[in-house]
Amino acid sequence: MLLLLTMLFAFHAAKADEVKLSIFHTNDLHGYSFANRLSRPGKDVEVEGLFALASIIAQRRAELWKEKPEYARAFAQKGRDDGLLLFDSGDSTSGTFDCAQSQGRNLLRLMNSTYLDYDACTIGNHAVDYGAKSFRENLALRKFPVLLANVEGQWPNVLPYLIVERMGVKIAIFGLCHPRSTWLEGLHLTDVASTCRELIPRLRQQSDIVICLAHLGLEREAAWTEALTTMDDDSPQHNIDIIIDAHSHANKHYELDDDTVVTLCGCYGIFAGEIELSYSRELGKITKYEMKRHLLAGKEAKPLPQLVRAFRPMRAQISSLRDEVLARGLGDLFIKKTPFMSPEFEDPAATFFAQALYEGVPDSDLAMLNQSGVRSVVAANDDGNVTRGLLHRIAPFDEAVYAIKLKGYRVQRLVERGLGKKFAWAGLKVKYTQVEDEEGKAQRTLDELKILSRDGQSLFPVEDNKEYVLACPEFFKRVYVRPRRKVTVAATSSKDLLLAYLRKGPSIFQRAK
């Protein structure tokens, strides 16, 4: 009898020692959470996104409570403490037409929903796409903290890290964003490696598990990977337990070393990730991981009915706006867009947009933009009409357009940089030589640079000390031009200039080529 009691006690002690946690995570949603249609080669996919994730979380929570009734009691008493967490690793609010109509606020209202109840997030490079005012408002609108350890200054609702307790286990979560990924004036992101070296030892002393929400794209950043996994000899045995990464749009999980796992779940709300883990209080560490993927798109995705009903009026209004016709009768208007990461250099769609800026700022001598800002293949639908939704697909980032005076030598430097960075331009004739280096990468050398006259009939060499007027969008101005003096806003909306150019009809295409 004594032996039986001892065995039963040991069994219950072992169960009490083990804590099970489920960590759901999203990254790079880019607004795909309002039943958006995502075009893929050969087919279109309906993305239910967070509406489907809410259904999965509700089911998972029910299963967890059935398996461990004490989790249900803890949740009823404390509101959240049931061993389930939800995080986002950035770039959630910029990308789709739906998000753009409210500058990201519609998606944040969805993330704030009690059916999802996010615990924390970090920001990505597209968090600033709507400008400084919206960035601050969107930070404050979140009902969950924004974690960003490598930022200078005070920002609404932003903390370097957060420590929460789930079922008696202390979990430290901190956020990192790529320091070269933001262009907003006044937002200064600091070095990732030095931030980690200073912060991680403190978090390890205060917590049982350390999680990093990283908008970094770690598989392309070896130096940061080392900083996240290697500390001084007198530091704790290991650094971070889990890194929920983003930015590269990869769908994968892997081990950095014996102690640290990295996971990220693609992009556009097609998948959500889940990490099921077991933590041993006796051993003081995670003893088991199981990485899962949940499909949030296609016929298998089942949106939560309560959430669908709550957001139905908003979705109907957005759908009506998306289909509004802005220009009619343009015929077979089509721009062939090469993939952004294609080895081909020239991009017809981006060149078309540059031409629209050039035409829209009459006093400009040339126009430039980064090719990655142009995303679509179609300028008009089957009826030859341009809708708000199609216009957004061409140019998802609506920015102010500037007229900037530059000396000729600076124009040449921009063009030389653009040969490697994939810029598009108008008003210029550019000749270059392309060769492959030892690694097979294309290297381009500028051979000739001339300015086109406004009537399109004459070409003139760019003179080093002559002043020229460049038309460019806000992002290009801040990241690449960095003007040394005050510049003029030539237009408040790059989309307005693009629409005006589209309304000129099919005849523009011979000139745009």
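Above this note sits the structure.
Worth saying up front: this structure is predicted, and the values here are computed from it rather than measured. (Residues numbered from 1 in each chain as written. Predicted model: local features only at pLDDT ≥ 70, side-chain atom pairs only at ≥ 80, totals over all residues. Heavy atoms only, no water.)

**Student:** Just to check I follow, could you spell out the overall build of the chain for this structure?
**Tutor:** For the chain, the helix and strand inventory stands at 15 helices and 25 strands. The proportion of buried residues among the 513 residues of the chain is 55%. When the accessible area of the chain is evaluated, it comes to approximately 24,400 Å², of which 49% is carbon and sulfur surface. (Helix = DSSP H or I, 4+ residues; strand = E, 2+ residues; numbered from the N terminus. Buried < 20%, exposed > 50% of the residue type's maximum accessible area, 1.4 Å probe, protein only. Areas by Shrake-Rupley, 256 points an atom, 1.4 Å probe, with all protein chains shown as cover.)

**Student:** Can you walk me through the sheet that holds strand E21 (residues 428-436) in this structure?
**Tutor:** In sheet architecture, strand pairing relies on hydrogen bonds along the backbone and comes in two forms, parallel and antiparallel. Spatial strand order, E21-E22-E23: three strands in an open sheet with antiparallel pairing. Looking at the sheet topology across the chains shown, the edges are occupied by E21 and strand E23 (459-461). With strand direction ignored, the average angle separating the axes of adjacent strands in the sheet is 40 degrees. By the bridge criterion, three bridges tie strand E22 (residues 442-452) to E23 in an arrangement that is antiparallel. Across the sheet, Ile-451 pairs through a bridge with Phe-460, a residue of E23. (Pairing = 2+ DSSP bridges. Axes fitted to C-alpha atoms, helices over the stretch in contact; angles between N-to-C directions.)

**Student:** Can you help me understand the pairing of E22 in this one?
**Tutor:** Bridge count for E21 against E22 is nine bridges, and the pairing is antiparallel. Looking at the pairing, Lys-429 lines up with Lys-450 of E22. Between E21 and E22, which pair antiparallel one after the other, the connecting turn spans five residues, and Gly-440 there sits at a positive phi close to 85 degrees. The loop that links E22 with its antiparallel partner E23 comprises six residues; one of these, Gly-456, has a positive phi angle of about 75 degrees.

**Student:** Can you walk me through helix H2 (residues 50-67) in this structure?
**Tutor:** Owing to its 3.6 residues per turn, the α-helix aligns residues three or four sequence positions apart on the same side. The end-to-end C-alpha distance of H2, which contains 18 residues, comes to 25 Å, matching closely the 26 Å that a straight helix rising 1.5 Å per residue would cover. For H2, the complete set of buried residues consists of Leu-50, Phe-51, Ala-52, Leu-53, Ala-54, Ser-55, Ile-56, Ile-57, Arg-60, Arg-61 and Leu-64. (Expected span 1.5 Å × (residues − 1).)

**Student:** Is there a simple way to think about the pattern of salt bridges in this case?
**Tutor:** Oppositely charged side chains can pair when the atoms bearing their charge come close. Evaluation of the coordinates by the stated rule reveals 16 salt bridges. Glu-137 is the salt-bridge partner of Arg-105, the closest N and O atoms lying 3.4 Å from each other. Of the two residues, Arg-105 is situated in helix H5 (residues 105-112) and Glu-137 in helix H6 (residues 132-141); the sequence distance between them amounts to 32 residues. Relative accessible area serves as the criterion here: at 33%, Glu-137 is assigned to the partly exposed category. The salt bridge partner of Arg-204 is Asp-241, with a shortest N-O separation of 3.2 Å. One end of the pair, Arg-204, is in helix H7 (residues 192-206); the other, Asp-241, is in the loop between helix H8 (222-229) and strand E11 (242-245), with 37 residues separating them in the sequence. Within this structure, Arg-60, Glu-63, Glu-274, Glu-276 and Lys-292 form a network of salt bridges that share partners. (Salt bridge = Lys/Arg side-chain N within 4 Å of Asp/Glu carboxyl O.)

**Student:** Could you clarify how one ought to interpret the nonpolar core in this entry?
**Tutor:** Within soluble globular proteins, side chains that are nonpolar tend to cluster in buried spots. Of all hydrophobic cores here, the largest spans 45 residues; its most connected members are Leu-50, Leu-53, Leu-116, Tyr-118, Ile-123 and Phe-135. For this core, the elements supplying multiple residues, two or more each, are H2, strand E4 (84-88), helix H4 (97-101), H5, H6 and helix H9 (305-322). Looking at this core, the element that brings in the most residues is H2, giving seven residues. Leave out the neighbours within four places in its chain, and Ile-123 touches Gly-90, Phe-135, Leu-139, Val-146, Leu-148, Cys-177 and His-215. Leu-326, Ala-350, Phe-353 and Leu-391 belong to the second largest nonpolar core, which has 30 residues in total. (Core = buried A, V, L, I, M, F, W, Y, C linked by side-chain atoms within 4.5 Å. Contact = heavy atoms within 4.5 Å.)

**Student:** Mind showing me how you'd approach helix H13 (residues 474-481) here?
**Tutor:** Counting buried positions along H13 gives six out of eight residues, so the element sits mostly inside the fold. Among the residues of H13, Glu-474, Phe-476, Lys-477, Val-479, Tyr-480 and Val-481 are the ones counted as buried.

**Student:** Honestly, the sheet that holds strand E19 (residues 401-407) in this entry has me stumped. Any pointers?
**Tutor:** With mixed pairing, five strands are arranged side by side in an open sheet as E20-E17-E24-E19-E25. Strands with a single pairing partner mark the edges of an open sheet, and in this sheet they are strand E20 (423-426) and strand E25 (488-491). Looking at each pair of strands side by side, their axes are set apart by 35 degrees on average, direction ignored. For E19 and strand E24 (residues 467-473), the ladder comprises seven bridges, and the chain directions are antiparallel. Its bridge partner being in E24, Leu-406 is matched across the sheet by Tyr-468. The strands touched by H13 within the sheet are strand E17 (366-370), E19, E20 and E24, with E24 carrying the most contacts at an inclination of about 120 degrees.

**Student:** Help me understand the packing of helix H10 (residues 348-360) against helix H14 (residues 494-502), please; the structure alone is not making it clear to me.
**Tutor:** How two helices sit against one another is set out by the angle between their axes and by the gap between those axes. Following both chains from N to C, one finds H10 and H14 inclined at 95 degrees, their axes separated by 9 Å at the closest point. Put simply, H10 runs roughly perpendicular to H14. Only Ser-494, Leu-497, Leu-498, Tyr-501 and Leu-502 of H14 make contact with H10, whose side of the interface consists of Phe-352, Phe-353, Gln-355, Ala-356, Leu-357, Glu-359 and Gly-360. (Parallel < 35°, antiparallel > 145°, perpendicular 65-115°, else oblique.)

**Student:** Honestly, the packing of H2 against H9 in this entry has me stumped. Any pointers?
**Tutor:** Interhelical geometry of H2 versus H9 gives an angle of 170 degrees and a closest axis separation of 11 Å. Considered as vectors, H2 and H9 are oriented roughly antiparallel to each other. Only Leu-307, Val-308, Phe-311 and Arg-315 of H9 make contact with H2, whose side of the interface consists of Leu-50, Phe-51 and Ala-54. Residue composition of the contact of H2 with H9, grouped by class: six nonpolar, no polar and one charged. (Nonpolar A, V, L, I, M, F, W, Y, C, P; charged D, E, K, R; others polar.)

**Student:** Mind showing me how you'd approach the packing of aromatic side chains here?
**Tutor:** Centre-to-centre distance and the angle between the planes together describe a pair of aromatic rings. Scanning the entire structure with this criterion turns up nine aromatic pairs. Each ring, one from Tyr-118 and one from Phe-144, has its centre 5.5 Å from the other, and the planes form 35 degrees; the classification is tilted. Taken as a pair, Tyr-118 in the loop between H5 and strand E5 (120-121) and Phe-144 in the loop between H6 and strand E6 (146-147) lie far apart in primary sequence, 26 residues in all. Note on Phe-144: relative accessible area 2%, which makes it buried. Among the aromatic residues, those joined into a cluster by ring pairs are Phe-423, Phe-475, Phe-476 and Tyr-480. (Phe/Tyr/Trp six-rings, centres within 6.5 Å; stacked < 30°, edge-to-face > 60°.)

**Student:** When you look at unusual backbone geometry in this model, what are you seeing that I'm missing?
**Tutor:** A negative phi angle is the norm for most residues apart from glycine, just as the trans form is the norm for most peptide bonds. A positive phi angle, near 50 degrees, is found at Asp-28, a position not held by glycine. Here Asp-28 is to be found in the loop between strand E1 (18-26) and strand E2 (36-40). The exposure class of Asp-28 is buried, given its relative accessible area of 0%. Residues other than glycine seldom take positive phi values, yet His-247 does so here, at roughly 90 degrees. In this structure, His-247 sits in the loop between E11 and strand E12 (251-255).

**Student:** Would you mind showing me how to read the side chain of His-30 here?
**Tutor:** By the secondary structure assignment, His-30 is in the loop between E1 and E2. Given a relative accessible area of 7%, His-30 falls into the buried group. Within the local environment of His-30, its side chain forms a polar contact with the backbone oxygen of Ser-94, the two atoms lying 2.9 Å apart. Those residues in contact with His-30 that sit more than four places away from it in its chain are Asp-91, Ser-92, Ser-94, Gly-95, Thr-96, His-126, His-249 and Tyr-268. (Polar contact = N/O pair within 3.5 Å; in protein donor to acceptor, adjacent residues only side chain to side chain.)

Any functional reading would require information beyond the geometric quantities listed.
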